[in-house]
Amino acid sequence: MDQRSGPKRATDFLYPPVEPFDQRMIDVGGGHRIYVEQCGRPDGIPVLVLHGGPGGGCSPAMRRYFDPAVFRVVLFDQRGCGRSRPHASVEANTTWDLVADIEVIRAELGVEKFILFGGSWGAALALIYAITHPGAVAHMVLRGIFLMTKAELDWFYAGGAGAFFPDLWARFVAPIPQDERGDLIAAYHRRLFSGDLSEEIRHGRIWSNWENALASVGSDAYWGEGPADYARAFARLENHYFQNKGFLETDGWIMANRHRIEHIGATLVQGRLDMICPPIGAWTLAQGWDACTLRLIALSGHALSEPAITEALVQAMNALR
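Please read these numbers as outputs of a predicted model, since none were measured by experiment.

Asker: I'd love a proper account of a nonpolar patch on the surface, names of residues and values included.
Answerer: Judged by side-chain polarity, V217, L273 and L299 come together as a nonpolar surface patch covering roughly 290 Å² of accessible area. Secondary-structure assignment places L299 in the loop between β8 (292-297) and α10 (307-318).

Asker: Got a sec to walk through the environment of E180? Specific residues and values, please.
Answerer: As for its placement among the helices and strands, E180 is situated in the loop between α4 (166-173) and α5 (184-192). Assessed through its relative accessible area of 18%, E180 is described here as buried. Taking C-alpha positions, E180 is 26 Å from G226, a pair spaced 46 residues apart along the chain. Ignoring anything within four residues of it in the chain, the contact list for E180 reads A187, R190 and R191.

Asker: Now, about the sheet that holds strand β6 (residues 137-145): what can you tell me, with residues and values included?
Answerer: Across the sheet, which stays open at both edges, the eight strands sit in the order β1-β2-β4-β3-β5-β6-β7-β8 with mixed pairing between neighbours. Two strands in the sheet have a free side with no partner beyond their single neighbour: β1 (22-29) and β8. Shown here is a sheet whose adjacent strand axes are inclined to one another by a mean of 20°, direction ignored.

Asker: Outline the layout of surface pockets, supporting the account with residue identities and numerical values.
Answerer: Space inside the largest pocket adds up to approximately 680 Å³. Along the wall of the largest pocket there are 29 residues; nearest its centre are M62, R143, Y230, A303 and L304. Those elements that provide at least two residues to the lining of the largest pocket are β3 (45-50), β5 (114-120), α6 (197-213) and α7 (228-243). Per-element accounting of the lining of the largest pocket gives the leading share, four residues, to β5.

Thresholds, definitions, all that
Residues numbered from 1 in each chain as written. Predicted model: local features only at pLDDT ≥ 70, side-chain atom pairs only at ≥ 80, totals over all residues. Heavy atoms only, no water. Patch = residues over 30% accessible without salt bridge, like charges linked within 9 Å, V, L, I, M, F, W, Y side chains within 5 Å. Areas by Shrake-Rupley, 256 points an atom, 1.4 Å probe, with all protein chains shown as cover. Salt bridge = Lys/Arg side-chain N within 4 Å of Asp/Glu carboxyl O. Helix = DSSP H or I, 4+ residues; strand = E, 2+ residues; numbered from the N terminus. Buried < 20%, exposed > 50% of the residue type's maximum accessible area, 1.4 Å probe, protein only. Contact = heavy atoms within 4.5 Å. Pairing = 2+ DSSP bridges. Axes fitted to C-alpha atoms, helices over the stretch in contact; angles between N-to-C directions. 1 Å grid on protein atoms, 1.4 Å probe; cavity = no way out; pocket = protein on both sides within 12 Å on 5 of 7 lines; lining within 4 Å. Points joined across faces, edges and corners; volume = space filled by probe spheres on them.

Next comes the structure, spelled out in structure tokens:
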């Protein structure tokens, strides 16, 4: 019997820490080498973890959502971030490069089909990959649904979320002159790619802090000095992708092409109080998709580390054993 009192933490629902049985760098061309690791059961059910951002990178905690006796878990740092090299580079770094990288990983590891596990940008990338390579996907477990649309970017970077966090929004817009605030993504782009390292780090931290402060409903909206290298890479990559509208041909591309994946099962886990990717995205994605199950999680926000989100994701993966 569990003798602990009080609310459970996210780690209470996770499997114990596990170390990789394989770590490698793969040359994917364009000057990029990506970090790939495997953990769990070498002959188990293949799962591919797609981290958020773009630019977030993977962490050891991401290994713990899966029963290591059942699943062969593959994690990789997308181009330009984490342990992949070159760091913070946006050259030859587009959505379609990442889709091609996943195919390289699948071929190198000899995997026929993956379960895709991703959140936020990772959810968008999972959907884009599945639409492009539907035969390579067995199922999707997605969190904090992001559909890479103008409406979602406007919500977060044009004042929608700022209406709920006016003090934090004021910090985000403060470095930008009034006459540039009509397009904050473009304004930050100029500063994140100025060539002045100190300026890029300063604006990278502000960009990253705005998102991090809104990630969890349980946070105190901390606005601090995160690691410079991480903040700069995260901000540059995310801004690069958003400045280019995810490199998709049209706004609403994922929904326009959803018919290509409607035969694939999907489990969506969405916090009702997600201020970064509002629940309307998950709701829209699930409507009319018979093989898709949507779980709206009360009193939960965006972060992977939200306890109820973690619990639901582990349950979703356990159901696939």
